Amino acid sequence: MASQEPWQMENGNLKGSSKEIKHGRTAHNMSSSSLRKKSDLSLVNKVPCGLVRQLLANLQEVILGTKLSVLFPAIPLAIVAQYYGFAGPWIFGLSLLGLTPLAERLGFLTEQIAYYTGPTVGGLLNATCGNATELIIAIFALSKNKILVVKYSLLGSVLSNLLLVLGTSLFCGGIYNLREEQKYDRKQSDINSLLLLLGLLCHMLPLMFRYAANPSGAALIADSTLSLSRAGSIVMLVAYLAYLVFQLWTHRKLFEAPEDGDDDTVSSDEEPVIGFWSSVVWLILMTAIIALLSEFVVGTIEVASESWGISVSFISIILLPIVGNAAEHAGAVIFAFKNKLDISLGVALGSATQIAMFVVPLCVLVAWIMGIRMDLDFSLLETSSLALAIIVTAFTLQDGSSHYMKGLVLLLCYVVIGACFFVSKTTPDQGNGITPGIKLPTEGVVSA
Amino acid sequence: MDSQEVWNLENGEVKGLSNKDGPHLIRNAHTMSSSSLRKRSDPMLLPKVRCRVLRQFLNNLQEVILGTKLCLLFPAIPLAVLAKCYQFGRPWIFALSLMGLTPLAERVSFLTEQIAYFTGPTVGGLLNATCGNATELIIALFALHQKKILVLKYSLLGSILSNLLLVLGTSLLFGGLANLKKEQLYDRKQADVNSLLLLLGLLCHVLPLMFKYAAWTDTFTAISTLQFSRASSILMLTTYVAYLIFQLKTHRQLFESQEEDEDGDDEKALIGFWSAFSWLVGMTVIIALLSEYVVGTIEAASDSWGVSVSFISIILLPIVGNAAEHAGSIIFAFKNKLDISLGVALGSATQISMFVVPLCVIVAWIMGVAMDLDFSLLETGSLAFAIIITAFALQDGTSHYMKGVVLSLCYIVIAACFFVHKNPSVHQSTTDSLRVVQSSTGVLTA
């Protein structure tokens, strides 16, 4: 309709006057924008009817506006596979493929909405919806009582962001910019590392409960672990809230994406390409489709694991996060190529912090409401991998400069952890996941 | 007496002379933070009293007893003694003794500072270094005497945790909120040295812990743990002596607080040397008395209040013992003098970890009590984490309120952990090796 065009023009004016306030141009948004392509509206403009033309322009913008749109056909294929009773692994694979472009589009739509709502609300929106895919998968797994899938997929997300995304960005950026000095502002990475360490503490204490040689009996330990996990989750959410206040209000300037010569590529993205209400509608629609595909994924994960011969923990920790993070991953690498490491770091560390300090405790609290006993005890192997990943990353990022060796080391850490979970065949359906083969001084050898 | 005033004058002149030579007396972080809790004595009432001896005595009394804002808690001391003699409920004795300890700890540091004016910077620094945590040391020795090894271990561990996370965290938090517009800097060299020493102490705790999991026989583990603990305690004390030499002699300038005008009025000693000394002895005796009550009634209070003994030892006792330093540290953070806050918090933690703990092991060795450095998994894990996260937070030389938020929340999580951790074996005053043997024979009843 014609009214939509004046709205966009008004918006154009609005943007013009408030150019100082960057509408939520956080690292997250800027990295996703690298995967967009400029819509070619010439075909659409040939359609005579105004309403249909608007709809088609909208459609083209949203559906075809990304290089990942080639994967979109996987979505209807997955739905067809589910309803015609194809083999479980096919449903699983197709759903995974379908989730990848959807996650990217979600980031795009969030950014569009942020143009209309201002920087603070936009930042908040990004902070909560930035990892919507992981959150939705986790909540579906909770509702099906697959606690270990929840724990492992969230843990894998954090590991993937810290080691894989960051490692490949630093590595590719380092190789590409061999002659130049690569610097970034270490204050941002410091505060993220601190928050991740707090999250690690909240995971380690319940783990140590189990090994603390408490003679009170297993039931009491489980209850104590649960109470401590719930208290720890509240603490983590408080910390995340303080971090949001810090990032979006009192210390904004630490986190703002640096403005330099490349503004001509950035400023061309300054206007929103679709209206506010159509963004909201598309957002709801896409979230519904993500929910549907996530349900397929969570439902068929065991079948796929048996059929492909790899453990469920490997699929949850390694495969699922790679898919869910693919768009951010690509964006971070692209910005590292351009030697804009602050943005790559913002994406990787910001995502890791968001999952560790927001999604995980949120799941614990949601489980509490649903009456499910989810705690923060992610068992020994997983928690140690997390601890080492956080410590290695914090150590790597603490001097403010980068080169390709740092990226290589982080990447190889991820490969080693992946190999570890590939070969460890623990059956995930034992309620509290007692890791076999650990000798406890009081209980003797626990058999699998 | 006249001689005392002359002595003060002499001191004033002595101070005047040495003003030119350079560094002041030990205006280190510790004494400066405590001085924030003092209030200026009002000498108006006193000249009315005729007899000079009496006037001097009352002056002294006013200076010492009423010279702090914490003096409101002083009535708790006679109340605690009364409660003990008249057999009130044991939780009451415990609580009153705790409340009485708070102002006493602060007064002891004040007296130490006064004595330091007379003895010169080096001896003053040494005095401060040894007596700075006198309360914790005395509580620890009494617990050792009553063979409550676990209370001893947990109270010392709780002191370190409280200094590293609670005191430091709240200082950075409030300082950051009060100084939102300014940049907050501090000298990271001091923080670095302290972190290094704490890590060495951590190693000495982690190794005996890992003995337990190294799949040896129980008796062999117990013997090795004890021998190793004693040897490493000697090493830790040696390291602490080296740190004192570093801090007070060769690298003084790293640790000196910034000289500014507002400190000028505190330069004179307020009471004479011998009165300070006798007050010190008196207060130490009272601290010893209250500590004995505290250690004796801790189980009764724990049963009556429904919290575990480990929670009381790790969380409650150190908060009380550290209250004065805590308040001072926050006040200096408000004024954006982070070096002083860090000096207080980290210095205390280092002192307890590298001096008080190994001293207790050596004293236990002399007394024939089997105390080792194995503080069991949960406690050592919390300690390791606290040291690592503090070292990481302080390593870049700047601060903002988020760092304080994170450190304080870490402390809250650790406190929650010990709150829910109901370890019934603490009620039995046995050593750890016995506990391992007992727990392997089945479930114990509380």
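Residues numbered from 1 in each chain as written. Chains lettered and ligands numbered in written order. Predicted model: local features only at pLDDT ≥ 70, side-chain atom pairs only at ≥ 80, totals over all residues. Heavy atoms only, no water.

Colleague: Would you mind going over the UniProt feature "transmembrane region" (unreviewed entry) in chain B with me for this structure?
Modeller: Residues and elements named next belong to chain B. Feature annotation in UniProt places "transmembrane region" (unreviewed entry) on residues 154–175, 196–216, 228–248, 269–291, 311–334, 346–369, 375–394 and 401–421, given in this structure's numbering. Secondary structure within residues 196–216 divides into 81% helix and 0% strand; the distance between the first and last C-alpha atoms comes to 31 Å. In this annotation, residues 346–369 is assigned 92% helix and 0% strand; the end-to-end C-alpha distance for the span is 30 Å. (UniProt positions renumbered as here; feature names shortened; annotations may be inferred. Helix = DSSP H or I, 4+ residues; strand = E, 2+ residues; numbered from the N terminus.)

Colleague: Would you mind showing me how to read the UniProt feature "domain: Sodium/calcium exchanger membrane region" (unreviewed entry) in chain A here?
Modeller: In this numbering, the UniProt entry assigns the feature "domain: Sodium/calcium exchanger membrane region" (unreviewed entry) to residues 89–249 and 279–417 of chain A. Note that residues 279–417 of chain A is 83% helix and 1% strand, and that its end C-alpha atoms are spaced 39 Å apart.

Colleague: How should the state of the cysteines be read in this particular structure?
Modeller: Between two cysteines, a covalent bond joining their sulfur atoms is known as a disulfide. The full count for this structure, using the stated rule, is 0 disulfides over all chains. In this structure Cys417 of chain B is a free cysteine whose sulfur lies 10 Å from that of Cys202 of chain A, the closest cysteine sulfur available. Owing to a relative accessible area of 0%, Cys417 of chain B belongs among the buried residues under this scheme. (Disulfide = S-S within 2.5 Å. Buried < 20%, exposed > 50% of the residue type's maximum accessible area, 1.4 Å probe, protein only.)

Colleague: I would appreciate a short explanation of unusual backbone geometry in the present structure.
Modeller: What you tend to see is this: most non-glycine residues have negative phi, and most peptide bonds are trans. All names here are of chain A. For Asn145, which is not glycine, the phi torsion reads 65° and is therefore positive. Secondary-structure assignment places Asn145 in the loop between helix H7 (132–143) and helix H8 (147–176). Phi at Asn339 is positive, roughly 60°, even though this residue is not glycine. One can find Asn339 in the loop between helix H15 (326–337) and helix H16 (341–370).

Colleague: I'm lost on the environment of Glu106 of chain B in this one. Help?
Modeller: All names here are of chain B. Tracing the backbone through its elements, the reader meets Glu106 in helix H5 (residues 90–119). On the accessibility criterion, Glu106 (1% relative accessible area) is buried. The spacing of Glu106 and Phe228 is 122 residues in sequence and 36 Å in space, taken between C-alpha atoms.

Colleague: What exactly am I supposed to notice about the packing of aromatic side chains here?
Modeller: Two aromatic rings, taken as a pair, are described by how far apart their centres are and by the angle between their planes. With the rule as written, the count across this model stands at 18 aromatic pairs over all chains. Consider the rings of Phe246 of chain A and Tyr401 of chain B, whose centres lie 5.5 Å apart with planes at 75°: the pair is edge-to-face. With Phe246 of chain A in helix H10 (residues 218–250) and Tyr401 of chain B in helix H17 (residues 401–420), this pair bridges two chains. Here Phe246 of chain A falls in the buried class, since its relative accessible area comes to 0%. Centre to centre, the rings of Tyr240 of chain B and Tyr243 of chain B are 6.1 Å apart; their planes meet at 45°, and the pair counts as tilted. Placement of the pair is Tyr240 of chain B and Tyr243 of chain B together in helix H10 (residues 218–250), with a separation of 3 residues, close to one helical turn. Like Tyr240 of chain B, the residue Tyr243 of chain B is buried in the burial classification. When the ring centre of Phe335 of chain A is taken as reference, the NZ or CZ atom of Lys338 of chain A above it lies at 5.1 Å. In this arrangement the basic side chain of Lys335 of chain B is found over the ring face of Phe332 of chain B, its NZ or CZ atom lying 5.2 Å from the centre. (Phe/Tyr/Trp six-rings, centres within 6.5 Å; stacked < 30°, edge-to-face > 60°. Lys NZ or Arg CZ within 6 Å of the ring centre and 35° of its normal.)

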